[in-house]
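Architecture at a glance
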2 protein chains.
Amino acid sequence: MSLGEFDLIAKYFQRPARHALLGIGDDCALIAPTPGMQLAISCDMLVEGRHFLSTVDPERLGHKALAVNLSDLAACGARPLAYTLALALPRVDEGFLEGFARGLHALADAQGIELIGGDTTAGPLNLCVTVFGEVPPGRALRRDGARPGEALWVSHPLGGGIGDARLALEVFRGRLSLPGEGFERARAAMELPQPRVTLGLALRGLATSAIDLSDGLVGDLGHVLRRSGVGARIDADALPQSAVLAAQPLPWRRECTLAGGDDYELLFTAPATADAAVREAAHGAGVGVTRIGRIEAEPGLRVIDDAGQAVAVGQGFDHFKS
Amino acid sequence: MSLGEFDLIAKYFQRPARHALLGIGDDCALIAPTPGMQLAISCDMLVEGRHFLSTVDPERLGHKALAVNLSDLAACGARPLAYTLALALPRVDEGFLEGFARGLHALADAQGIELIGGDTTAGPLNLCVTVFGEVPPGRALRRDGARPGEALWVSHPLGGGIGDARLALEVFRGRLSLPGEGFERARAAMELPQPRVTLGLALRGLATSAIDLSDGLVGDLGHVLRRSGVGARIDADALPQSAVLAAQPLPWRRECTLAGGDDYELLFTAPATADAAVREAAHGAGVGVTRIGRIEAEPGLRVIDDAGQAVAVGQGFDHFKS
């Protein structure tokens, strides 16, 4: 069976418009932002073999393609509105498309947003999602607001931590092995990241800066520090870890938490006096948060362990250097 | 010399923000749409070997990647505001990036818009541009507004026509040859399409439906007819043609004008009484327009020649069937 471009869009991606004034099937999609609100826009391109493995369950891939973009909205404290999808496919594979669309639509439904347009073409597998959200003027969380003396926080699953996605990747790479259940949990962290949209909204007016963890804690924190013109000290032993990661040798624990990548948790700063408010915001969002260090005036990042010793760290993930 | 992802963005794509409240370098870009206006969004993905040849001048490719998206805004009668770019590159090729960015920025500057964000990654060459524009509520040109008795129009360069892009493609394919100057003109039509943004704005309140020609006249007109629930009759001999195309054998003239693709002209309908107003709008926009047929109640498309004989036509370009 051969589906053409327009059949393919209609069959898998077109659903009745809810919020959109004009959805899939015209030259443009039309949406009506709330008058006076600012529009937050983010765009991520996912390439096979680099952002996902060719063996990934298509449903999980659909989830992740949207989740990593929603994570950017979360890091800005924006409320998601809608998204577009551009898709290059080597061939029309209905099994792939059916699962991919299911994962995509399920997360979109959970977030109350809809696919408003996009493009499909033949080509090496490539997924490009662009998301749109709203934020009141001047209330967006940015990377440049961290100030000396503030506390540095990271979100994570309740009872879990950061670094599990990297742990799963290392299993796929054959560099370590995990017991069955532990592997499935780490794999879910890698393949089914949960965008912290509710937490991002709750942090508006509370966090002074925020970024989502996509390239690894050290690399992503570096963006905040440079843009804010500050430095930081973090306690490597304070980084939250799942039981699966905590059972690994120390070098892997360090690598996965400090430079893991693909966490899609929020890294944010808040006044040192705001601990209770931060914990309350996280509780309301059903997410864990851990205070991992502090912002300092001296530029650069200092990572120490519980014994006060400096910990050597990598530089985070760069798509053209790794 | 090796540039990383962040260096690459900074060197080639980051410029001082003008309209954007927050541009490249944060989790999201922020823009402030004019309160009460609707937001028009369009997204096109361009793949090497399918949407452009590997030999294309990078500067022209930069122009075209943005132009084809602006053409969608034009077809909606939307005023361009900003755009994002996601780019997968097999390797960091500074010669390519320098030229590509130059072509992109030149067209953006000419349209008064700016690059507000995006993504870069390693991968098979893939360009995904998403554009944002504004339109007053209820004033967007759509595909579903054509009514029986209305006139059907197509835009084109002053003194030129449609189909030249396809003509150039056929030269690259080795299926025909053109004299040097004629080839350069046809090639410019293919590689440097001019989005009809000014015309689209002038057609608000005048055109009853519009679409941009990307997949070929017959195929694109079919979208308008189906969504509007009408049919049409067009005169194949009335289709505007450049001197270069007019010198070709009849079958090539028919193929290039009726099913050419990559024209990025506007195909639109207007009341039969509005001819003078349409010509005035086009004159103001510095663009040619030709009346090529009429909308009829009977579904389907009837293509006839000057002698009143039916002309057989193809079905337009489908990215998974061609």
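Residues numbered from 1 in each chain as written. Chains lettered and ligands numbered in written order. Predicted model: local features only at pLDDT ≥ 70, side-chain atom pairs only at ≥ 80, totals over all residues. Heavy atoms only, no water.

In terms of regular secondary structure, chain A is built from 10 helices and 11 strands. A compact globule built from 322 residues should have a C-alpha radius of gyration of about 20 Å, and chain A, at 20 Å, falls within 12% of that. Across its three principal axes, chain A shows a C-alpha extent of roughly 65 × 50 × 35 Å. Each of the 322 residues in chain A was classed as buried or not, and the buried ones make up 61%. Across chain A, the fraction of contacts at a sequence separation of at least 24, relative to all contacts at a separation of at least 6, is 85%. Of the roughly 11900 Å² of accessible surface on chain A, a fraction of 51% belongs to carbon and sulfur atoms. Computed over 30 positive and 39 negative side-chain charges, the inter-centroid distance for chain A is 5 Å. (Helix = DSSP H or I, 4+ residues; strand = E, 2+ residues; numbered from the N terminus. Rg over C-alpha atoms; globule rule 2.2 N^0.38 Å. Buried < 20%, exposed > 50% of the residue type's maximum accessible area, 1.4 Å probe, protein only. Contact = heavy atoms within 4.5 Å. Areas by Shrake-Rupley, 256 points an atom, 1.4 Å probe, with all protein chains shown as cover. Lys, Arg positive; Asp, Glu negative; His and termini not counted. Charge placed at Lys NZ, Arg CZ, Asp CG, Glu CD.)

Residue and element names in this part refer to chain A. What UniProt calls "binding site: substrate" (unreviewed entry) maps, in this numbering, to His 51, Asp 262 and Phe 317. Topologically, Asp 262 is positioned in the loop between helix H9 (250–259) and strand E9 (266–270). Apart from residues lying up to four places away in sequence, Asp 262 is in contact with Lys 64, Ala 165, Ala 189, Met 190, Leu 213 and Ser 214. Side-chain polar atoms of Asp 262 contact the side chain of Lys 64, separated by 2.6 Å. (UniProt positions renumbered as here; feature names shortened; annotations may be inferred. Polar contact = N/O pair within 3.5 Å; in protein donor to acceptor, adjacent residues only side chain to side chain.)

Let's shift gears to the environment of B:Pro195. Tracing the backbone through its elements, the reader meets B:Pro195 in the loop between helix H5 (180–191) and helix H6 (197–202). Apart from residues lying up to four places away in sequence, B:Pro195 is in contact with B:Ala67, B:Leu70, B:Ser71 and B:Gln111.

The subject of this paragraph is helix H4 (residues 164–172) of chain A. All names here are of chain A. Burial analysis of H4 places 7 of its 9 residues in the buried class, the great majority of the element. Turning to H4, its buried residues number three or more, namely Asp 164, Ala 165, Arg 166, Leu 167, Ala 168, Glu 170 and Val 171. Check the buried side of H4 and you find it contacts helix H5 (180–191), helix H8 (243–246) and H9. Of the residues flanking the end of H4, it is Gly 174, one or two places downstream, whose phi is positive at about 80°.

Residue and element names in this part refer to chain A. H5 packs onto H4 with a crossing angle of 110° between their chain directions and a minimal axis gap of 7 Å. In this view, H4 runs roughly perpendicular relative to H5, as classed from their interaxial angle. For H4 against H5, the interelement crossing comes out left-handed. Residues Asp 164, Ala 165, Ala 168, Leu 169, Val 171 and Phe 172 of H4 pack against Phe 183, Ala 186, Arg 187, Ala 189, Met 190 and Glu 191 of H5. Grouping the constituent residues of the contact of H4 with H5 by class yields 9 nonpolar, no polar and 3 charged. (Axes fitted to C-alpha atoms, helices over the stretch in contact; angles between N-to-C directions. Parallel < 35°, antiparallel > 145°, perpendicular 65-115°, else oblique. Left-handed = near helix turned anticlockwise from the far one by under 90°. Nonpolar A, V, L, I, M, F, W, Y, C, P; charged D, E, K, R; others polar.)

Let us now look at the UniProt feature "binding site: Mg(2+) 5" (unreviewed entry) in chain A. Residues and elements named next belong to chain A. Mapped onto the present numbering, the UniProt feature "binding site: Mg(2+) 5" (unreviewed entry) falls at Asp 215. Tracing the chain through its elements places Asp 215 in the loop between strand E7 (209–212) and helix H7 (217–228). For Asp 215, a relative accessible area of 11% corresponds to the buried category.

Before going further, it helps to examine unusual backbone geometry. Here the phi dihedral of A:Tyr264 falls at roughly 55°; this positive angle occurs in a residue that is not glycine. Topologically, A:Tyr264 is positioned in the loop between H9 and E9. Take A:Tyr264: its relative accessible area is 9%, and that puts it in the buried class. At B:Asp262, a position not held by glycine, the phi torsion is positive, near 65°.

Let's shift gears to the pattern of salt bridges. Under the definition given, this model contains 36 salt bridges over all chains. Between A:Glu296 and A:Arg294 there is a salt bridge, and its shortest N-O distance comes to 3.3 Å. A:Glu296 gets classed as buried once you look at its relative accessible area, which sits at 12%. Take A:Arg294: its relative accessible area is 42%, and that puts it in the partly exposed class. The partner of B:Glu170 in a salt bridge is B:Arg173, with the nearest N and O atoms 2.9 Å apart. (Salt bridge = Lys/Arg side-chain N within 4 Å of Asp/Glu carboxyl O.)

Residue and element names in this part refer to chain B. Remark: helix H2 (residues 58–76) packs on H5, axes separated minimally by 9 Å, with the N-to-C direction vectors making an angle of 50°. On the basis of the axis angle, H2 is oblique to H5. Where H2 abuts H5, its residues Arg 60, His 63 and Lys 64 lie against Arg 187, Ala 188, Met 190 and Glu 191. Partitioning the contact of H2 with H5 into residue classes produces 2 nonpolar, 1 polar and 4 charged.

With that settled, the discussion passes to the environment of A:Ala122. Of note, A:Ala122 is situated in strand E4 (residues 114–122). As for A:Ala122 and A:Leu87, which are separated by 35 residues in sequence, their C-alpha atoms are 8.3 Å apart.

What follows is about the side chain of B:Asp263. Residues and elements named next belong to chain B. By the secondary structure assignment, Asp 263 is in the loop between helix H9 (250–259) and strand E9 (266–270). One buried charged residue, Asp 263, forms no salt bridge at all, with the nearest opposite charge on Arg 166 at 8.6 Å. Those residues in contact with Asp 263 that sit more than four places away from it in its chain are Ile 162, Gly 163, Asp 164 and Leu 213.

It is worth spelling out H9(B) at this point. All names here are of chain B. Along H9, the residues that are buried comprise Trp 252, Arg 254, Cys 256, Thr 257, Leu 258 and Ala 259. Against the buried residues of H9 lie helix H4 (164–172), helix H7 (217–228), strand E8 (231–235), helix H8 (243–246) and strand E11 (300–304). Directly beyond the C-terminal end of H9, a positive phi value near 85° is found at Gly 261.

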